[in-house]
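Listed below are the residues making up each chain.
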Amino acid sequence: MKNRAKKPILKKRKYLKYGFVIMEHEDCLCPRCGDILNAGPGYQPRYCSRCGQRITFKGVQWTDDKQIGFAEGRDF
């Protein structure tokens, strides 16, 4: 079943940029093993580097990182 192309799972996560700006990023995960794929608008791998699952990015909408707000102290 590895040779049958599957769409990646899109999952949003938050991270700190510059230590105080809260950003939201959308990761592409392998549908078989859940590993984060090194993918973006300029590069889409054909296979997962961890398990070898074939991946198709047809219909995937690429989004830019979105600024959510600012962290105060150690709240984040």
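Structure's up top.
Keep in mind it's a predicted model, so treat the numbers as computed, not measured. (Residues numbered from 1 in each chain as written. Predicted model: local features only at pLDDT ≥ 70, side-chain atom pairs only at ≥ 80, totals over all residues. Heavy atoms only, no water.)

*Asks:* Just checking my understanding: could you explain the side chain of Gln 53 for this structure?
*Replies:* Topologically, Gln 53 is positioned in the loop between β2 (21–29) and β3 (66–70). A residue is classified by how much of its surface remains accessible, and Gln 53, at 1% relative accessible area, is buried. In this structure the side chain of Gln 53 is engaged in a polar contact, spanning 2.8 Å, whose partner is the backbone oxygen of Arg 4. Beyond its immediate chain neighbours, meaning those up to four positions away, Gln 53 contacts Met 1, Lys 2, Arg 4, Lys 6, Cys 30, Pro 31, Arg 32, Arg 46, Tyr 47 and Cys 48. (Helix = DSSP H or I, 4+ residues; strand = E, 2+ residues; numbered from the N terminus. Buried < 20%, exposed > 50% of the residue type's maximum accessible area, 1.4 Å probe, protein only. Polar contact = N/O pair within 3.5 Å; in protein donor to acceptor, adjacent residues only side chain to side chain. Contact = heavy atoms within 4.5 Å.)

*Asks:* What is the right way to read the pattern of salt bridges from this model?
*Replies:* Oppositely charged side chains may form a pair once their charged atoms are brought near each other. This model, assessed by the stated rule, comprises 2 salt bridges. A salt bridge links Lys 66 to Glu 24, with the shortest nitrogen-to-oxygen separation between them at 3.8 Å. Taken together, the positions of Lys 66 in strand β3 and Glu 24 in strand β2 put the pair 42 residues apart, joining distant regions of the chain. Its relative accessible area of 19% is what places Glu 24 among the buried residues. (Salt bridge = Lys/Arg side-chain N within 4 Å of Asp/Glu carboxyl O.)

*Asks:* Just checking my understanding: could you explain the packing of aromatic side chains for this structure?
*Replies:* Between two aromatic rings, the relevant description is the distance of the centres plus the angle of the planes. For the coordinates displayed, the defined rule picks out 2 aromatic pairs. When the ring of Phe 20 is compared with that of Phe 70, the centres are 6.2 Å apart and the planes differ by 15°; the resulting orientation is stacked. With Phe 20 in the loop between β1 (9–17) and β2 and Phe 70 in strand β3, the pair connects residues that are 50 residues apart, well separated along the chain. Taking the relative accessible area as the measure of exposure, Phe 20 reaches 42% and is therefore partly exposed. Overall, Phe 70 belongs to the exposed group, its relative accessible area being 54%. (Phe/Tyr/Trp six-rings, centres within 6.5 Å; stacked < 30°, edge-to-face > 60°.)

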